[in-house]
Amino acid sequence: LFGTPVAAALVFTGLVAASAAFVALYLAIDVPKPNDLARANSSVVYYSDGKTEVGRYEEVNRDSVPLSEVPEHVQYAVLAAADRTFYDNRGISIRGIVRSLWNNLTGGDTQGGSTITQQYARNAYLTQDQTYERKVKEAILALKLDRELSKEQILEDYLNTIYFGRNAYGIQAASEAYFRRPVSRLTLEQGAALAALIRSPAYYDPAEGKDAAERLAARTLDYVVPGMVEEGWLSAAEGAAASMPKVRRPQQSNQF
């Protein structure tokens, strides 16, 4: 009864139905305004000299910066860690989506497979809920964002919203939290280390102990830096010379 032609017809019908449903959702879902948490920045209070900081009033620790203030080697380090096809893909990775769905079904890593655009869509517009509905919305928003915004704008927004641990949201706050310097002064190795943290900040933060420090070093020097070399963003000699930077201990800050 269910011979090969019938099975093929059923598969084809299913694909057509799924495609039609996706198109309908694409037309129905508009890109909303980013949520308040994704846009919130710290309010900094200074002494009368205008330079010495008294403290910060904030819901989240974030200091948004334009992409022009982020060194190119830091941008490439983030791409090597999070999405090496960023400038070539259309906002989503079909292979990554399929892998993510398979991981969900088999109990694997539920966070894998997202492009930078998808991650930004999730952080700025949606929630972290691991549901199929959220994943579909994330993919649709990523497709629309890729059409409506430049790659540079998406990368800038991503760098200003992604969480790096230590209550640091965005690359500028992370640079201060881990290296006590503005993002514009990050070295190649420091940028690579911050990029390595994105996958799971608590898992790689050296403040969590020796094992975490070793994991961060391995991901920085065995994955991020070689990825930069592989993509042509760093010479082989520069990659071979890279070493693990010193990460500062967490510092108590005046936050209100």
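Use the structure listed above.
Just so it is clear, the model here is predicted, and its values are computed rather than measured.

A. Looking closely at the environment of Ser 114. With respect to the helices and strands, Ser 114 occurs in the loop between helix H4 (94–106) and helix H5 (116–125). Look at Ser 114 and you get buried, because its relative accessible area is 16%. When the C-alpha atoms of Ser 114 and Gly 91 are compared, they prove to be 9.3 Å apart, with 23 residues separating the residues in sequence. There is a polar contact of 3.4 Å between the side chain of Ser 114 and the side chain of Glu 138.

B. Region of the structure containing the environment of Pro 226. Structurally, Pro 226 is set in helix H11 (residues 210–230). On a C-alpha basis, the gap between Pro 226 and Ala 77 in space is 9.9 Å, while along the polypeptide they are 149 residues apart. Beyond its immediate sequence surroundings of up to four residues, Pro 226 is in contact with Thr 220 and Leu 221.

C. Expanded view of helix H7 (residues 151–161). H7 sits mainly inside the fold: 8 of its 11 residues count as buried. When we look at burial in H7, the residues that qualify are Lys 151, Ile 154, Leu 155, Asp 157, Tyr 158, Leu 159, Asn 160 and Thr 161.

D. Region of the structure containing the packing of aromatic side chains. Taken as a whole and assessed by the stated rule, the structure comprises 5 aromatic pairs. Pairing Phe 86 with Tyr 87 gives two aromatic rings, centres 5.0 Å apart and planes at 75°, and the pair type is edge-to-face. Relative to Tyr 169, the ring of Tyr 163 lies with its centre 4.6 Å away and its plane at 45°, an arrangement referred to as tilted. Cation over ring: Arg 84 sits above Tyr 223, and NZ or CZ is 4.5 Å from the ring centre.

What counts and how
Residues numbered from 1 in each chain as written. Predicted model: local features only at pLDDT ≥ 70, side-chain atom pairs only at ≥ 80, totals over all residues. Heavy atoms only, no water. Helix = DSSP H or I, 4+ residues; strand = E, 2+ residues; numbered from the N terminus. Buried < 20%, exposed > 50% of the residue type's maximum accessible area, 1.4 Å probe, protein only. Polar contact = N/O pair within 3.5 Å; in protein donor to acceptor, adjacent residues only side chain to side chain. Contact = heavy atoms within 4.5 Å. Phe/Tyr/Trp six-rings, centres within 6.5 Å; stacked < 30°, edge-to-face > 60°. Lys NZ or Arg CZ within 6 Å of the ring centre and 35° of its normal.

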